[in-house]
Amino acid sequence: MAKVLGLGGFFFKADDPKAVRDWYARVLGFEIHDWGGAVFEAPKGGQATWSPFGADTDYFWPSAAPFMINFIVDDIDGVLARAAAEGVEPLGRQDEGYGRFAWLMDPVGVKIELWEAAKADAEA
């Protein structure tokens with residue numbers, strides 16, 4: 001049966017794409033290729049989640065965007081230290097049995113969710 005296998009990318013409009021690319025490179029360590037984007041290999045045991053939320057959700061707050069981006073990270077403390085060095089402070093942090101989370105806002109107002117899988121999950 002023909003079916004979708006997973007997420008193939010995330011594409012969005014920005015008034016100043018270069019500034020957005022530069023921010024993601026500086027703050028989150030993206031390796032931006034000459035063609036203007038970044039490519040991520042799927043981490044061992046990684047997964048992509050697709051989940052619609054109700055129109056009245058406040059989970060994306062304080063962003064006014066109708067979406068949020070979740071990135072898998074290998075070291076949430078290291079990523080947050082890198083962000084702090086660029087003047088970007090987390091909106092919050094949360095630890096769960098399945099991993100650690102933190103949230104940032106990007107320069108165009110999109111909420112970014114960082115997720116570091118729990119060590120047992122990461123080694124599966």
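Residues numbered from 1 in each chain as written. Predicted model: local features only at pLDDT ≥ 70, side-chain atom pairs only at ≥ 80, totals over all residues. Heavy atoms only, no water.

Peer 1: Which parts of the structure should I look at to understand the sheet that holds strand E1 (residues 68-72)?
Peer 2: Sheet strands pair via backbone hydrogen bonds, and the direction of the pair is either parallel or antiparallel. The 4 strands lie next to each other as E1-E4-E3-E2, forming an open sheet whose pairing is mixed. Where the open sheet ends on each side, the last strands, each with one partner, are E1 and strand E2 (92-96). Averaged over neighbouring strand pairs, the angle between their axes works out to 20° when direction is ignored. Bridge count for E1 against strand E4 (residues 111-117) is 5 bridges, and the pairing is parallel. (Pairing = 2+ DSSP bridges. Helix = DSSP H or I, 4+ residues; strand = E, 2+ residues; numbered from the N terminus. Axes fitted to C-alpha atoms, helices over the stretch in contact; angles between N-to-C directions.)

Peer 1: I would appreciate a short explanation of the pattern of salt bridges in the present structure.
Peer 2: Between side chains of opposite charge, pairing is possible as soon as their charged atoms come close. According to the stated counting rule, one finds 7 salt bridges in the structure shown. Here Asp77 makes a salt bridge to Arg100, at a shortest N to O gap of 3.0 Å. Taken together, the residues Asp77 in helix H2 (residues 76-85) and Arg100 in strand E3 (residues 99-105) connect sequence positions 23 residues apart. Assessed through its relative accessible area of 37%, Asp77 is described here as partly exposed. A residue is classified by how much of its surface remains accessible, and Arg100, at 24% relative accessible area, is partly exposed. Between Lys119 and Glu116 there is a salt bridge, and its shortest N-O distance comes to 2.8 Å. A residue is classified by how much of its surface remains accessible, and Glu116, at 7% relative accessible area, is buried. Salt bridges here are not isolated pairs; linked through shared partners, they connect Asp77, Arg93, Asp95, Arg100, Glu116 and Lys119. (Salt bridge = Lys/Arg side-chain N within 4 Å of Asp/Glu carboxyl O. Buried < 20%, exposed > 50% of the residue type's maximum accessible area, 1.4 Å probe, protein only.)

Peer 1: Explain the pairing of E4 to me, please; I cannot follow it from the model alone.
Peer 2: Both faces of the sheet carry side chains from a regular strand, because those side chains alternate between them. The element E4 is extensively covered by neighbouring structure, given that 7 of its 7 residues are classed as buried. Every second residue of E4 is oriented toward a common face, with Lys111, Glu113, Trp115 and Ala117 on one face and Ile112, Leu114 and Glu116 on the other, all of them buried. Relative to E4, E3 runs antiparallel, the two being bridged by 7 bridges. Across the sheet, residue Gly99 finds its bridge partner in E4, namely Ala117. Following E3, the chain reverses through 5 residues before pairing antiparallel with E4; Gly109 in that reversal takes a positive phi of roughly 90°.

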